[in-house]
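# Reading the structure
In case you want the letters, here they are:
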Amino acid sequence: MYAAIFDMDGVIAHTNPYHHQTWGEYAQRYFNHQLTDAEFIQYVSGRTNADIITYLLAGKTISPEDIARLGDAKEALFREVYAPHATAVPGLVAFLQTLKANNVRTAVATSAPVENLTFIIEALGLADYFDVLLDISKVTKPKPDPEIYLTAMRHLGVQPGQSVVFEDSIPGIQAGVASGARVVGVATTHAADELPNVDDIITDFTEMTFERYKKLVDLSLANQ
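Below: a short report on this structure. (Residues numbered from 1 in each chain as written. Predicted model: local features only at pLDDT ≥ 70, side-chain atom pairs only at ≥ 80, totals over all residues. Heavy atoms only, no water.)

A few words on the packing of aromatic side chains. Tallied over the full model, the rule gives 16 aromatic pairs. Arranged with centres 5.7 Å apart and planes meeting at 75°, the rings of Phe95 and Phe166 form a pair that is edge-to-face. One end of the pair, Phe95, is in helix H5 (residues 92-101); the other, Phe166, is in strand S4 (residues 163-167), with 71 residues separating them in the sequence. The residues Phe95 and Phe166 share a single accessibility class, namely buried. Look at Phe166 and Phe205: their rings are 5.4 Å apart centre to centre, the planes differ by 55°, and that puts the pair in the tilted class. With Phe166 in strand S4 and Phe205 in the loop between strand S6 (200-202) and helix H9 (210-222), the pair connects residues that are 39 residues apart, well separated along the chain. Here Phe166 matches Phe205 in class, with each residue buried. Grouped by ring-pair contacts, the aromatic residues Tyr2, Phe6, Phe95, Phe130, Phe166, Phe205, Phe210 and Tyr213 constitute a single cluster. (Phe/Tyr/Trp six-rings, centres within 6.5 Å; stacked < 30°, edge-to-face > 60°. Helix = DSSP H or I, 4+ residues; strand = E, 2+ residues; numbered from the N terminus. Buried < 20%, exposed > 50% of the residue type's maximum accessible area, 1.4 Å probe, protein only.)

Put into structure tokens, the structure is as follows:
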């Protein structure tokens, strides 16, 4: 049995420009902070809302409830802004269809809240393509900890050597590598030469065939 596990933002949908826009508006409005491109890549992309807001607080302390409230409000703004533009990363649907035709188990494992996960999956019509959907509430340790990927593998009934993780962010790649799976970097958020320690790199899923995917899993199994 094989498995393919996908991050969401930047992998299933190219949402990061809209997260960048809404985090920028939010940081300016609530924290009087001008969020730079470099800050977005280092402190926002692939991080949890709690981590991002803690960074924007710049040493100030507020309650976890207030952090959650601020995060929820930002994500509601993101969904409103992104809704008219919702589209899958090129080639994704065809690749998912190929995986299903070859009995590959599939999951989404995202650091986003469940509201965003539900919204993206429904907006893109992808519910039938995934066996497992995991959001940040399903784990206690966010990426770069591998917990969410190991949890996905457990739900799918597979081992790390049977799994390929698709990631675009540095924390996500670190989580995928730490899980023991093969990792494919998706060069949407970062340039290809900025994605460290990956086993393969694609610009989008028009470049990913089943044969290319299977070669990664076969390599893992051969090395066990």
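Having seen the model, we can carry on.
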